[in-house]
Amino acid sequence: MSKALDNLRLYAGVVKRVGYTLSIGMLNSGSRDELLKLYNAYSGHPHPEDGTPVDPFIIPKTDVFELFGNDSASYEGVYECGFGHTTEFELKVISNLVKKWNPRRIFEIGTFQGRTTLNIALNSSTDAEIITLDLPAEELASTKMDIEKGEVRYVKKEVSGERFIGHPAASKIRQVFGDSASFDFAEYRNSVDVAFIDGSHAYEYVLNDSEKVFTIVRDGGLIIWHDYTNWPGVWTALNELYEKDARFNGIRHIGGTSIAILKI
Ligand SMILES: C[S@@+](CC[C@H](N)C(=O)[O-])C[C@H]1O[C@@H](n2cnc3c(N)ncnc32)[C@H](O)[C@@H]1O
C-alpha cells in the first residue's frame, strides 16, 4: 500500500513539474532548457516511410576507457556545473584527453565562464598555451550568421572567463574576442594540437567553426566538439560532415557524453 502511495506521490510530482514547465515555467529560462532537452530526447528524424522517429546520432561511438584507460587528471570546479557548461563527466573526459594528448597549443571556441578552459589549463604542461575565443556581448547583433536564440544568454554576460581570471593557471590562458565567422585564424594555421569547439550551436556556425578549426589543427592533432547530442544544429552539421566530407569520416561520438572527437 505504501509503495502504491509513493508511486502516486511521484506521479503527482512529475505531473506538477511538467504542468509548470509547459505553462508559467516557460517564462523561466531554466525550464525552457529542460524543454529543449526533452525535445531533443524525444525527437528524431521521422522515418520517410512510416513516420517513426529515427535516432539522429549516426556517428559511430567510441569509449572513454578505450581512449585513455583510467582517470588520471586533476580538476577544479568540476561539480560547480550549471547551464551552458560541460557536465561533470564531460569535463573529466576532456581533462583526461588533454592530459593524454599533452598538447602545447590548445584553441577553444566559446569561453563562457571559462570552466573548461581552466581545467584544460590545469591538465596541460607548464609551457602549454590555451587560446580561448569568445563573442563579446556588444557584437551580439552584428554576427555574420544567426546564432540560436537559446544561446543568447551565454553571450550576454558581465565577464568572459570569470572561472580562471585571477587563478594561477590563468598565466597559460590567452583570451581573444570576436565572431568565429569573421575572426582571423591565420596566425594559428597548422599550429594547434587540440581544438575545442563550443561556440554557437547553430548549424551554419558549427560548419563554419569545424572548417576554420580544420585549418589550424596540425596533422596528428585532435578536434573536440561539445553538444553533439544536445543541439539539433550540432548533430545535423556533424552528421553531414561525417557522411559527406572524407576529412571528417573519422569522427567518433564518445559514449555517455555529448562529445565528438576527430584525430586529424
Ligand atoms: C555554451 S558556452 C561555452 C561553454 C564553455 N566552452 C564551457 O565549456 O564552459 C558558448 C560560448 O560561445 C560563445 N559564442 C557564441 N557564438 C559565438 C561566435 N559566433 N563566436 C565566438 N564565440 C561565440 C558565447 O559567448 C559563449 O561564451
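Structure: above.
Predicted model only: the values in this text are computed from it and were never measured. (Residues numbered from 1 in each chain as written. Predicted model: local features only at pLDDT ≥ 70, side-chain atom pairs only at ≥ 80, totals over all residues. Heavy atoms only, no water.)

Draft legend 1. Main features of the overall build of the protein. From N to C terminus, the protein includes 8 helices and 10 strands. Out of the 264 residues in the protein, the part that is buried amounts to 48%. Within the protein, contacts between residues separated by at least 24 positions form 73% of all contacts whose residues are at least 6 apart in sequence. (Helix = DSSP H or I, 4+ residues; strand = E, 2+ residues; numbered from the N terminus. Buried < 20%, exposed > 50% of the residue type's maximum accessible area, 1.4 Å probe, protein only. Contact = heavy atoms within 4.5 Å.)

Draft legend 2. Representation of the side chain of Asp 179 within the structure. Within the secondary structure layout, Asp 179 lies in the loop between strand 6 (173–177) and strand 7 (192–197). The side chain of Asp 179 is buried and forms no salt bridge, while Lys 144, the nearest opposite charge, is found at 7.4 Å. A polar contact is formed between the side chain of Asp 179 and the backbone nitrogen of Lys 144, at a distance of 2.8 Å. Among residues more than four places away in sequence, those in contact with Asp 179 are Leu 135, Glu 139, Thr 143, Lys 144 and Tyr 205. (Lys, Arg positive; Asp, Glu negative; His and termini not counted. Salt bridge = Lys/Arg side-chain N within 4 Å of Asp/Glu carboxyl O. Polar contact = N/O pair within 3.5 Å; in protein donor to acceptor, adjacent residues only side chain to side chain.)

Draft legend 3. Region of the structure containing the site of the ligand. As a structural note, the neighbourhood of the ligand is formed by 22 residues, with Gly 110, Phe 112, Thr 116, Asp 134 and Asp 198 the closest of them. At 2.5 Å from an oxygen atom of the ligand is found a side-chain nitrogen or oxygen belonging to Thr 116. Split into classes, the residues belonging to the shell around the ligand amount to 6 nonpolar, 11 polar and 5 charged. (Near = heavy atom within 4 Å. Nonpolar A, V, L, I, M, F, W, Y, C, P; charged D, E, K, R; others polar.)

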